[in-house]
Amino acid sequence: MPTIQLRTAVPGPKSKALGERRTNAVPRGLSHGTPVYVAKAQDAWLEDVDGNRYIDFAGGIGCINVGHRQEPVLSAIREQLDHFLHTCVQVTPYENYVRLAERMNEVTPGKFLKKTLFVNSGAEAVENAVKIARAHTGRSGIIAFEDAFHGRTMMTLALTSKTHPYKAGFAPFPGDVYRIPYAYCYRCSYSLKYPSCDLLCARHLEDTFKRVVASEDVAAVIAEPVLGEGGFVVPPLDYFRVLIDICHRYGVLFIADEVQSGFGRTGRLFASEHYGIEPDILVSAKSLGGGLPLAAITGRAEIMDAPGPGGLGGTFAGNPVSCAAALAVLEMFDRENLLDRANEIGSHFQKRAKEWQKRWPLVGDVRGLGGMQAIELVKSVETREPAAGETKQITQYCYEHGLITITAGSYSNVIRVLVPLVVTSEQMDEALDVLEAALRMVAERHGAVAQVT
């Protein structure tokens, strides 16, 4: 039986009624990508309040890599609920916080002594990584990247690149943040080609130390190993080695923001492993908690110990129920073939998407690592003008036909795949059939001629 089952037009009457209530009760700043309200979820599918069932390509924006409501995670949560919900680790600590920290120190890249701090969200983790880097180095400057996204708090907005809707109207932001181009080869800031470019975008960091901010004033460079909100951009495999070598020559720390790319999404437990790098600090969140809020800052022990007692923490940080869920998530990665499955999902998507790219000029680029895949849509192959309006039409067609998708990119013209890694091959085909139909509809509507038949 197909997973997609639509009983009403989308949105259905119950979702519409909830949407009206929401308009009166919730501020407009909390936007949503689809007008449907969820009633149930399992594995890689969602069911709304009207009984319509969808395949989930959003995964809670990357929080459900292991799948919705997986039994090992639910069992761990139930067991913890029988003991206690909250005590605050800063008042009366508990064993599973320590055990999870030990596991994170084991599984993150880097053959050195590490320590881990837990907080509630990716943005909070990035904030703490910045605090720790500044405490360790005695420097204040942070270098971030064009097209980066690190969160919606004031410090993380300073690090985030995209202006609308994230930054506009919220200034001023914290200072001592500087920005350089990312290795976005499809839209190279220098109009060069890899590998003849000799990774000028990475080597530009050294020029930044000479022309923008002195290296002795920079605490850290922070980067996503694969851009998340910025469009699932994958740098060349030697990019980060060059960048980190420059950092360490000048005593600058490297922070890897793996909030979206971590926990199996790219076919490795952490995307940093693809590049053979060992970040000084690694930030993770989203799928760590298996659906519950939890984030981690893991780093070299001497760096993590820089802040004094009381300098780090938070009332709900490292909640015991979330820690129990995270331990179950890590056990699932130990026992099951989720990393292999991520790579299979990536190959499955790439094969179909490359066919679309040949067929329709609308598909400008196909890219990704493992199960972290995307297509970038353009109005013209030659000009690469972003097709943001067409992208919105495609996502609407998808949810109206049983597929939940989300967009990304500084130009809002990227459709990304964050499907739970437990998705079946049949479900993938079903979902990709919907996405293909959406692309065909939009391409034909806008007069795009197929390149091959």
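About the cut-offs
- Residues numbered from 1 in each chain as written.
- Predicted model: local features only at pLDDT ≥ 70, side-chain atom pairs only at ≥ 80, totals over all residues.
- Heavy atoms only, no water.
- UniProt positions renumbered as here; feature names shortened; annotations may be inferred.
- Salt bridge = Lys/Arg side-chain N within 4 Å of Asp/Glu carboxyl O.
- Helix = DSSP H or I, 4+ residues; strand = E, 2+ residues; numbered from the N terminus.
- Buried < 20%, exposed > 50% of the residue type's maximum accessible area, 1.4 Å probe, protein only.
- Axes fitted to C-alpha atoms, helices over the stretch in contact; angles between N-to-C directions.
- Parallel < 35°, antiparallel > 145°, perpendicular 65-115°, else oblique.
- Left-handed = near helix turned anticlockwise from the far one by under 90°.
- Contact = heavy atoms within 4.5 Å.
- Nonpolar A, V, L, I, M, F, W, Y, C, P; charged D, E, K, R; others polar.
- Pairing = 2+ DSSP bridges.
- Domains from an automatic or database assignment.
- Buried area = accessible area lost by both parts, 1.4 Å probe.
- Disulfide = S-S within 2.5 Å.

An unreviewed UniProt entry annotates the chain as GABA aminotransferase, PLP-dependent originating from Candidatus Sulfotelmatobacter kueseliae. Word for word, the UniProt comment on the chain under Cofactor (unreviewed entry) is "pyridoxal 5'-phosphate". Note on the chain: under the UniProt heading Sequence similarities (unreviewed entry), the record states "Belongs to the class-III pyridoxal-phosphate-dependent aminotransferase family."

**Student:** Looking at this structure, I do not really get the pattern of salt bridges. What am I missing?
**Tutor:** A side chain of one charge can pair with a side chain of the opposite charge when the charged atoms of the two come close. For the coordinates displayed, the defined rule picks out 24 salt bridges. Here Asp334 and Arg103 are joined by a salt bridge, their closest N and O atoms 2.8 Å apart. In this pair, Asp334 sits in helix H11 (residues 320–335) while Arg103 sits in helix H4 (residues 95–107), placing the two residues 231 residues apart along the sequence. Of the charged contacts, one joins Arg440 and Glu436 as a salt bridge, the two residues approaching to 3.1 Å between their closest N and O atoms. On the criterion of helical spacing, the pair formed by Arg440 and Glu436 is a turn pair, its members being 4 residues apart in helix H14 (residues 425–445). Taking relative accessible area as the criterion, Arg440 reaches 33% and is therefore assigned partly exposed. Within the structure, one salt-bridge network assembled from shared partners comprises Arg352, Arg359, Asp429, Asp433, Glu436 and Arg440.

**Student:** Looking at this structure, I do not really get the packing of helix H12 (residues 338–359) against H14. What am I missing?
**Tutor:** Packed helix pairs are specified by the crossing angle of their axes together with the interaxial distance, meaning the distance between the axes. In the contact formed by H12 and H14, the axes pass within 11 Å of each other and the chain directions differ by 25°. Here H12 lies roughly parallel to H14, going by the angle between them. H12 and H14 meet at a crossing whose hand is right-handed. Residues Arg341, Ile345, His348, Phe349, Arg352, Trp356 and Arg359 of H12 form the contact with H14, whose own contacting residues are Ser425, Met428, Asp429, Leu432, Asp433, Leu435, Glu436, Leu439 and Arg440. Broken down by class, the residue content of the contact of H12 with H14 amounts to 7 nonpolar, 2 polar and 7 charged.

**Student:** I'm lost on the sheet that holds strand S6 (residues 177–180) in this one. Help?
**Tutor:** Hydrogen bonds between backbone atoms are what pair the strands of a sheet, whose relative direction is either parallel or antiparallel. Strands sit in the order S4-S10-S9-S8-S7-S5-S6 across an open sheet of 7 strands; the sheet is mixed. The sheet is open, and its two borders are formed by strand S4 (114–119) and S6, each paired with just one other strand. The average undirected angle you get between the axes of adjacent strands in this sheet is 20°. Along the sheet, helix H8 (residues 239–249) contacts strand S5 (141–145), strand S7 (218–223) and strand S8 (253–257); its crossing angle with S8, the most-contacted strand, is approximately 145°.

**Student:** What is the right way to look at the environment of Phe149 in this model?
**Tutor:** Note on placement: Phe149 falls in the loop between S5 and helix H6 (154–159). Filtering out sequence-adjacent residues up to four positions away, Phe149 remains in contact with Thr160, Tyr166, Glu224, Glu229 and Asp257.

**Student:** Whenever I open this one, the domain arrangement of the chain confuses me. Can you help?
**Tutor:** Interface extent is often summarised as the accessible area lost during association of the parts. Domains assigned within the chain are domain 1 (13–56 + 338–451) and domain 2 (71–334). Between the C-alpha centres of domain 1 and domain 2 the distance comes to 26 Å. Overall, the association of domain 1 and domain 2 removes approximately 2400 Å² of surface from exposure, summing both partners, and the carbon and sulfur fraction of that is 57%. Its largest share of buried area at the contact with domain 2, domain 1 owes to Leu369, Met372 and Arg384, together 31% of the area lost on that side. Our count for the contact surface shared by domain 1 and domain 2 stands at 2 salt bridges. For Glu376, the salt bridge goes to Arg187, with nearest N and O atoms at 2.7 Å. For the side of domain 1 that touches domain 2, the elements supplying multiple residues, two or more each, are H12, strand S11 (363–369), strand S12 (372–377) and strand S15 (414–417). Looking at the side of domain 1 that touches domain 2, the element that brings in the most residues is S11, giving 5 residues. Broken down by class, the residue content of the side of domain 1 that touches domain 2 amounts to 16 nonpolar, 10 polar and 5 charged.

**Student:** Please explain the pairing of strand S1 (residues 38–42) as it appears in this structure.
**Tutor:** Where a strand is regular, its side chains alternate between the two sheet faces. By the bridge criterion, 4 bridges tie S1 to strand S2 (residues 45–48) in an arrangement that is antiparallel. Note that in S2 the partner of Ala41 across the bridge is Leu46. In this antiparallel pair of consecutive strands, S1 and S2, the connection spans 2 residues, and Asp43 shows a positive phi of 55°.

**Student:** Looking at this model, I keep getting lost on the state of the cysteines. Mind explaining?
**Tutor:** Throughout this description, disulfide means a covalent bond between two cysteine sulfur atoms. This structure, assessed with the given rule, holds 0 disulfides. The thiol of Cys323 is not disulfide-bonded; the next cysteine sulfur, from Cys88, is found 12 Å away. Look at Cys323 and you get buried, because its relative accessible area is 0%.

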